[in-house]
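The chain contents come next:
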Amino acid sequence: SSGVSNRPFTMSNSTPATDNEKKKGKGNRWPYSPSRVLHIRHIPSGVTGAEVVSLGLPFGKVTNLLMLRGKGQAFLEMASIDAAVSMVNYYTPVTPHLHNQPVYIQYSNYKELKTDNQHNQARPQVALQGVNAVQHGNLGITSALAAEGGVLPSHGSVLRIVVENVYYPVTLDILYQIFSKFGFVMKIVMFHKNNQFQALLQYADAMNAYYAKMSLDGHSIYTGCCTLHIDFSKLTNLTVKYNNDKSRDFTRVDLPFGDGQRTVETSLSTPFATQNAVFPSYTGPPGFAPALGFPQGTDPGALGPLMVTSSAAAGHMTIPGVPGNSVLLVSNLNPEAITPYGLFILFGVYGDVHRVKILFKKRGIALVQMADSTQAQLAINYLNGQRLYGRVMHATLSKYQTIQLPREGQEDKGLTKDYSNSPLHRFRNPCSKNFQNIFPPSATLHLSNIPPSVTVDDLKNLFTSKGSTVKGFKFFQKDCKMALIQLGSVEEAVHALIELHNHDFGENQHLRVSFSKSSI
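Just so it is clear, the model here is predicted, and its values are computed rather than measured. (Residues numbered from 1 in each chain as written. Predicted model: local features only at pLDDT ≥ 70, side-chain atom pairs only at ≥ 80, totals over all residues. Heavy atoms only, no water.)

Summarise the sheet that holds strand β13 (residues 225–232); cite the residues concerned and give the values.
Pairing in this open sheet of 6 strands is antiparallel, and the strands run β12-β13-β9-β11-β10-β14 from one edge to the other. Looking at which strands have only one partner, the edges of the open sheet turn out to be β12 (220–222) and β14 (247–249). In this sheet, adjacent strand axes meet at a mean angle of 25° when their direction is disregarded. Judged from the 8 bridges that link them, strand β10 (residues 185–193) and strand β11 (residues 196–203) form a sheet pairing that is antiparallel. Residue pairing across strands places V185 opposite Y203, the latter belonging to β11. Against the sheet, helix α6 (residues 172–179) contacts β9 (158–164), β10, β11, β12, β13 and β14, and its axis sits at roughly 135° relative to β10. (Pairing = 2+ DSSP bridges. Helix = DSSP H or I, 4+ residues; strand = E, 2+ residues; numbered from the N terminus. Axes fitted to C-alpha atoms, helices over the stretch in contact; angles between N-to-C directions. Contact = heavy atoms within 4.5 Å.)

Break down the nonpolar core for me, with residues and values.
Grouped together as the largest cluster of nonpolar side chains are 114 residues, with contacts concentrated most on V52, F179, L328, F347, L445 and L447. Tallying contributions element by element places helix α7 (residues 206–216) first for this core, with 7 residues. Within the second largest apolar cluster, 6 residues are counted, among which are V158, V189, V240 and L255. (Core = buried A, V, L, I, M, F, W, Y, C linked by side-chain atoms within 4.5 Å. Buried < 20%, exposed > 50% of the residue type's maximum accessible area, 1.4 Å probe, protein only.)

Hey, could you go over the packing of aromatic side chains for me, with residue numbers and the actual values?
Within this structure, the stated rule accounts for 7 aromatic pairs. Pairing Y167 with F427 gives two aromatic rings, centres 5.8 Å apart and planes at 45°, and the pair type is tilted. Note that Y167 is positioned in the loop between β9 and α6 and F427 in the loop between β21 (416–418) and β22 (444–448), a separation of 260 residues in sequence. Classification of Y167 by relative accessible area gives buried; the value is 7%. Consider the rings of F344 and Y419, whose centres lie 4.0 Å apart with planes at 10°: the pair is stacked. (Phe/Tyr/Trp six-rings, centres within 6.5 Å; stacked < 30°, edge-to-face > 60°.)

Give me the lowdown on helix α3 (residues 81–91), citing residues and values where you can.
Regarding α3, the residues found buried are A83, A84, M87, V88, N89, Y90 and Y91. Where α3 is buried, its residues touch β2 (37–41), α2 (49–56), β4 (73–78) and β7 (104–107).

For the pattern of salt bridges, give the residues involved together with the corresponding values.
On inspection of all chains with the given rule, the structure shows 7 salt bridges. Note that R36 is salt-bridged to E77, the shortest N-O span being 3.6 Å. Taken together, the residues span a long stretch of sequence, with R36 in the loop between α1 (17–25) and β2 and E77 in strand β4 at a distance of 41 residues. E77 gets classed as buried once you look at its relative accessible area, which sits at 5%. (Salt bridge = Lys/Arg side-chain N within 4 Å of Asp/Glu carboxyl O.)

By themselves, these figures tell us nothing about what the structure is for.
Below, the structure written as structure tokens:
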């Protein structure tokens, strides 16, 4: 019923491939020298030929495919050994997934595929022609792909994108740059939902959406973080009212910016250039660029994440202030309630704060200096527009490069503080788990480092004493040093985090408080 048999087929070796591959493949991940033919194992039963082919697409042209459905295996032939080597090197540290199941790729001992049984291989070949047509800029292939036996589910051109572990900032321009490699991106809308960074992205053509999903789902924008999870949206069309840093209609330049949004001007600022990422320009066939970049001059086995060029977004937007700056201008603060320490703790959730200055003559405005420009941009992404002490806080890049400490004898009233050597920095250790646990402000807080003697009631009373309404509480089953506490609102949780992070329980036991992605 699958349309593909398990009969032998001709290769550069007369033995049927799978048994031979199995025998040699055990115990050694690459039993053979590099070959254009790749052996793929552990393929789930519902996977189509086009989905298997899509694993190879970012690396070059795919020239042949053999599906062995009964055995959950396939052979994929790339146009060149270089393309096959790139593919194996990429998927070594980053195991690919099909239908949420890991699949394993190694070199075959065969140098080429020649499928004799044309009838049984017809459907995969149609899929192959289809995807290679995409790769060479021809998008009129919907009917060809559909002939592969329902390879294309009935989906539209709108993708729902969830980004996990958002340690480095993900801007609308970065999404545009990554996804426009698969076709014309018409509209993007970004938002936070369920304490997750999400976006909706609409292509001009449903085929573009299909290949973007197949090629990008599960990959990370930066090494080890900003992981993309992509589904088809039930929406058929996105309505965009404003062109700004949260929504964009690329077919309409006449849309207003909207209230309270940063202006959209000339070019993207470059806080990303500081990352361990190389941004190669694409010079391959039109209509389909590889989704993945390969760092120049590195070990071929050490693969880069999805790469973003700083130039591709030119002409779209600028974040005001100095590009690459690490000093933030924070305004519309409540002068009666705000303190340098409060800003240090709150902004310290998204990076290491070195200095804070509340302006002497304008107490509702402050400067916050982060460790680097990436952390500054991350803090803007999460805290701009957040309510704090009854006011909506605005955060943007400052024109200042550093915060000057007051000279001796200069009147300051304690409004400028240096925290550069603070033991409370969350990101000082580059291996810290804190890098993987950065979430937007939420009503649920994650508590850790709780002493064994402290009870549920102790913690509830502690939060209530600071003005919080406790809606829910639970200790972690496996670790009673950690708990979740749900408060009455996001703003309450922000206030509680400022008040109670590093709370001293005595005997050198200090509470750690973070925003949680979970709810109780």
